[in-house]
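Residue-level structure breakdown
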Amino acid sequence: MPSMLKKIALFENRATKSATERYRFKRSDGKTTEIDIAPSLATDGKTLRARMLDGLTEAASDLKALSAEIAVATKAAPPKHYVYEARTGWILSGKAFVLQDRLIGKSADKIIGIAPLAKVGRGKTRRRGTSKQWTGSVGQLAKKSTTMMLAIAAALAAPLLKVTATNTFGICLFGRTRGGKTMATLSAGSVIGFGKDEQMLNWYSTTAGLEPKFPGFNDCCFPIDDLSKLPVKSEHERLLEVRSLAYQAIGGDIKGRHPSFDAASRTNAVHHRFIVLTSFEKSIQDLAHETNQARMGGETMRLIDVPAYFDGLVHIFDRAHADATLNQE
């Protein structure tokens, strides 16, 4: 039986300056499946045929007919042309905004976000619920915490960096463990599509490991879980990683581990812009003091220490405490 092979779309990746074509065919079990393949590999016939045979095509019994079908399908023009932008953020002179998985605004091109950072795992945002539901849940909880309000304000302010010509900067919330710092960071992440701790970026991979994620957060908040998770052997090494964050991620001294970085270095493009939000049990200033180091001026301005707890409390819900005291009086 024929596989009914069809070319259904072309996906252009502006970060890598490459493209893939998507083909659809029927398997021997009757189910329909899809294959994404580079145009050059599709037109040689052999690679696409091998991929189809691995996919259990029901045309496997007639390889000659399958090859003929492939020849016809690869010559067809793709009925749809989708575009992955090189990074999130403002495009078209501020008329549209690219998110990881869609475009806000209008464009002549069918922009569907950026190339997926990963099928699963940390750093991939997901849309769920409505703004009204968010206001009734996260928003209501944030009213009880100055720190949560600050974190959410950072997430809402990040798209304004370009508009106001403001440099990228970072905030480190500090205070004892188990007081809600991660919750505050996650509340900022919820603005862009993080609903659970395991979705949020963390420090297990160090600053260098975070760099490939930068294109997915341009003109957005860049929330990273607690600095205590850095895979280091000493506080001195931890401080070095913090400085690396301040000068590489926030200061723009990037190393080019993602195709969009390479493109930027060739064209002198603007560095990625975002507001970094992270946390630690002590301030970066105290970390430097404990290791007999002094924070550099530029580093201090780029990554700002902000206390997570107020009014002598050991948790972030200072406004709930004030309300309870007022009610008791």
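Criteria and cut-off values
- Residue positions are given per chain, counted from 1 along the sequence in the order it is written.
- Whole-chain, interface and lining totals are the exception, using all residues; otherwise, since this is a predicted model, local features are given only for residues with pLDDT of at least 70 and side-chain atom pairs are given and counted only at 80 or more.
- Only hydrogens and water are set aside; all other atoms, that is, all heavy atoms of the structure, feed into the side-chain values.
- What makes a salt bridge here is a side-chain nitrogen of Lys or Arg within 4 Å of a carboxyl oxygen of Asp or Glu, nothing more.
- Counting from the N terminus, the helices are the DSSP runs of H or I reaching at least four residues and the strands are the DSSP runs of E reaching at least two.
- When accessible area is computed with a 1.4 Å probe and restricted to protein chains, residues below 20% of their type maximum are described as buried, those above 50% as exposed, and intermediate ones as partly exposed.
- In this scheme, a helix's expected span is set at 1.5 Å multiplied by one less than its residue total.
- The directions from the helix axis to the C-beta atoms are what the arc is built from.
- On a scale of 0 to 100, pLDDT captures the predictor's confidence in every residue.
- The contact criterion used throughout is that any non-hydrogen atoms of two residues lie within 4.5 Å.
- Points on a 1 Å grid over protein atoms alone make up a cavity when a 1.4 Å probe fits among them but cannot get out, and a pocket when they form an open set with protein on both sides within 12 Å along at least five of seven lines; lining residues each have an atom within 4 Å of a point.
- Grid points are joined across faces, edges and corners, and a volume is the space filled by probe spheres set on the points.
- Ten residues, namely Ala, Val, Leu, Ile, Met, Phe, Trp, Tyr, Cys and Pro, are considered nonpolar, four, namely Asp, Glu, Lys and Arg, are considered charged, and the remaining ones, Gly among them, are considered polar.

1. Considering the pattern of salt bridges
Pairs can form between side chains of opposite charge once their charged atoms are near each other. For the coordinates displayed, the defined rule picks out 14 salt bridges. In this structure, Arg238 engages Glu235 in a salt bridge whose closest nitrogen and oxygen atoms are separated by 2.7 Å. In this pair, Arg238 and Glu235 are both assigned in helix α9 (residues 235–250), three residues apart and thus about one turn of the helix distant. Taking the relative accessible area as the measure of exposure, Arg238 reaches 10% and is therefore buried. By relative accessible area, Glu235 is classed as partly exposed at 24%. Residues joined by salt bridges that share partners form a network here, namely Glu12, Arg14, Glu85 and Asp109.

2. What to know about helix α3 (residues 63–75)
Between its terminal C-alpha atoms α3 stretches 19 Å, which fits the 18 Å expected from 13 residues at 1.5 Å a residue. Taken together, the buried positions of α3 are occupied by Leu66, Glu69, Ile70, Ala73 and Thr74. Buried residues along α3 cover an arc of 125 degrees about the axis, so they all sit on one side. Turned more than 90 degrees from where α3 packs its buried face, Lys64, Val72 and Lys75 sit exposed.

3. Notes on the confidence of the model for the protein
On average, residues of the protein score 86 in pLDDT, and 86% of them are at 70 or above. Overall, residues 260–270 carries pLDDT values under 50, and its contacts beyond four positions in sequence, including any with other chains, amount to 14 contacts.

4. A short note on the environment of Ala77
You can see Ala77 is positioned in the loop between α3 and β4 (81–85). Judged by its relative accessible area of 63%, Ala77 falls in the exposed class.

5. Structural notes on the layout of surface pockets
Empty space within the largest pocket amounts to approximately 1,100 Å³. Lining the largest pocket we find 40 residues, and of these Arg126, Ser190, Val191, Ile192 and Gly193 sit closest to its centre. The set of elements that each furnish at least two residues to the lining of the largest pocket consists of α4 (131–142), α5 (146–157) and α7 (181–192). It is α4 that provides the largest number of residues to the lining of the largest pocket, a total of seven residues. Split into classes, the residues belonging to the lining of the largest pocket amount to 17 nonpolar, 15 polar and eight charged.

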